[in-house]
Amino acid sequence: MKKILTRILTGLILLAVTPAWPDDKSKDQERLKTCGTVLKEILDIPDDIPRDLLDKADCVVIFPTVLKAAFIVGGSYGRGAMTCRKGQNFAGPWGAPTMMALEGGSFGFQLGGQATDFVLLVMNDRGANGILSSNVKLGADASAAAGPIGRNASAETDVTLRSEILSYSRARGLFAGISLAGSTIRPDNEANERIYGRKIPAKEIVLPGTMRVPLSARQLISTLDAKTPKHKS
């Protein structure tokens with residue numbers, strides 16, 4: 001009996017320390033696909049994100065299917081991806097994405113319990129470089145605001161001109177600007193390693209513009225290339 005228990009215990013230990021990369025990588029790839037699907041659905045509706053704001057964005061961040069149930073003290077998070085325009089001054093086509101994590105904040109309790117999609121527009125290079133470098137607390141390290149909606153909404157309002165990041169949410173088919181102030185976003189370096197096969201900083205994925213777009217992210221990138229091919233400063 002003692003030998004049997006020892007074998008069982010040894011097996012459990014081996015199971016616990018065995019890397020779960022294949023399964024985790026599949027989840028990361030599926031997350032990228034979901035980011036593309038969510039963004040296409042949102043951008044296919046003209047009354048959601050104003051086109052002139054999208055054209056002025058340097059980067060777009062998508063966090064699909066964030067659940068209120070995940071938002072507990074010290075453990076709230078969502079996972080998604082961020083892609084930026086390639087080239088100097090973010091003037092080129094959209095490039096390979098970095099995986100991202102969303103943590104903390106009180107917005108989880110505003111959502112009524114349903115799964116919610118978040119889309120963030122990063123409006124300048126300071127916001128983009130900050131997010132790609134480290135943890136950024138919205139409203140403190142980077143100015144952030146709920147994004148305006150509607151095809152006639154202006155990109156020249158005080159809020160949009162002052163904010164480095166504009167945020168939106170979609171839940172049960174309802175789309176709206178939402179404040180994510182107090183939450184933190186950061187690169188998900190472990191997920192990036194699984195997607196790209198090696199440790200690589202988020203900045204090196206996004207800014208040089210030389211990284212090949214993963215197959216699972218092609219809908220995400222092709223949607224942005226079709227909807228907003230040129231940057232308008």
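Refer to the structure above for everything that follows.
Residues numbered from 1 in each chain as written. Predicted model: local features only at pLDDT ≥ 70, side-chain atom pairs only at ≥ 80, totals over all residues. Heavy atoms only, no water.

**Points about the overall build of the chain**
Here's step 1: Helices and strands together make up the secondary structure of the chain, namely 8 helices and 9 strands.
Here's step 2: Counting over 233 residues, the chain shows a buried share of 45%.
Here's step 3: As displayed, the chain has an accessible area near 11,900 Å², and 54% of this comes from carbon and sulfur atoms. (Helix = DSSP H or I, 4+ residues; strand = E, 2+ residues; numbered from the N terminus. Buried < 20%, exposed > 50% of the residue type's maximum accessible area, 1.4 Å probe, protein only. Areas by Shrake-Rupley, 256 points an atom, 1.4 Å probe, with all protein chains shown as cover.)

**A few points about unusual backbone geometry**
Here's step 1: The phi dihedral of Phe90 is positive, around 55 degrees, even though this residue is not glycine.
Here's step 2: Mapping Phe90 onto the fold places it in the loop between strand S2 (77–84) and strand S3 (98–103).

**Here we look at the pattern of salt bridges**
Here's step 1: Inspection of every chain in the model, using the stated rule, returns 11 salt bridges.
Here's step 2: Asp28 is the salt-bridge partner of Arg194, the closest N and O atoms lying 2.6 Å from each other. Of this pair, Arg194 sits in helix H6 (residues 189–196) while Asp28 sits in helix H2 (residues 21–43), and the two are 166 residues apart along the sequence. For the pair formed by Arg194 and Asp28, the shared burial category is buried.
Here's step 3: The partner of Lys232 in a salt bridge is Asp55, with the nearest N and O atoms 3.7 Å apart. A residue pair is termed long-range when its members are at least 10 positions apart, and Lys232 in the segment after helix H8 (218–227) and Asp55 in helix H3 (residues 51–56) qualify at 177 residues.
Here's step 4: Given a relative accessible area of 3%, Asp55 falls into the buried group.
Here's step 5: Overlapping salt bridges, with partners in common, bring together Asp28, Arg31 and Arg194 in one network. (Salt bridge = Lys/Arg side-chain N within 4 Å of Asp/Glu carboxyl O.)

**Quick look at the pairing of strand S7 (residues 165–171)**
Here's step 1: Within S7, 7 of the 7 residues are buried, which leaves it mostly tucked inside the rest of the structure.
Here's step 2: Side chains Ile165, Ser167, Ser169 and Ala171 of S7 all project onto a buried face; the interleaved residues Leu166, Tyr168 and Arg170 project onto the opposite face, where all are buried too.
Here's step 3: As judged from the 6 bridges shared by strand S4 (residues 116–122) and S7, these two strands associate in the antiparallel manner. If you follow Asp117 over to S7, its bridge partner there is Arg170.
Here's step 4: For strand S6 (residues 144–146) and S7, the ladder comprises 3 bridges, and the chain directions are parallel. Across the sheet, Ala146 pairs through a bridge with Ser167, a residue of S7.
Here's step 5: Taken together, the 4 bridges between S7 and strand S8 (residues 174–177) define a ladder with antiparallel strand orientation. What sits directly across from Arg170, in S8, is Phe175.
Here's step 6: Between the antiparallel neighbours S7 and S8 lie 2 residues, among them Arg172 with a positive phi of about 50 degrees. (Pairing = 2+ DSSP bridges.)

**Here's the deal with helix H4 (residues 125–133)**
Here's step 1: If you check which residues of H4 are buried, you get Gly127, Ala128, Ile131 and Leu132. Looking straight down H4, one finds its buried side chains confined to an arc of 125 degrees; they lie on one side. (Arc of directions from axis to C-beta.)

**A few points about the side chain of Glu164**
Here's step 1: Topologically, Glu164 is positioned in the loop between helix H5 (158–162) and S7.
Here's step 2: Polar side-chain contacts of Glu164 include one of 2.5 Å to the side chain of Arg126. (Polar contact = N/O pair within 3.5 Å; in protein donor to acceptor, adjacent residues only side chain to side chain.)

**Focus: the state of the cysteines**
Here's step 1: Overall, the coordinates contain 1 disulfide when judged by the stated rule.
Here's step 2: Linked covalently through their sulfurs, Cys59 and Cys84 form a disulfide whose S-S length is 2.1 Å. One quick way to see it: the torsion about the S-S bond of Cys59 and Cys84 is about 100 degrees, and its sign makes the bridge right-handed. On the criterion of sequence distance, the pair formed by Cys59 in strand S1 (residues 59–66) and Cys84 in strand S2 is long-range, its members being 25 residues apart. Take Cys59 and Cys84: they sit in the same class, and that class is buried. (Disulfide = S-S within 2.5 Å.)

**Re the environment of Asp48**
Here's step 1: Tracing the chain through its elements places Asp48 in the loop between H2 and H3.
Here's step 2: When its relative accessible area of 8% is taken as the criterion, Asp48 is described as buried.
Here's step 3: Expressed as a C-alpha distance, the spacing of Asp48 and Pro148, which sit 100 residues apart in the sequence, is 8.6 Å.

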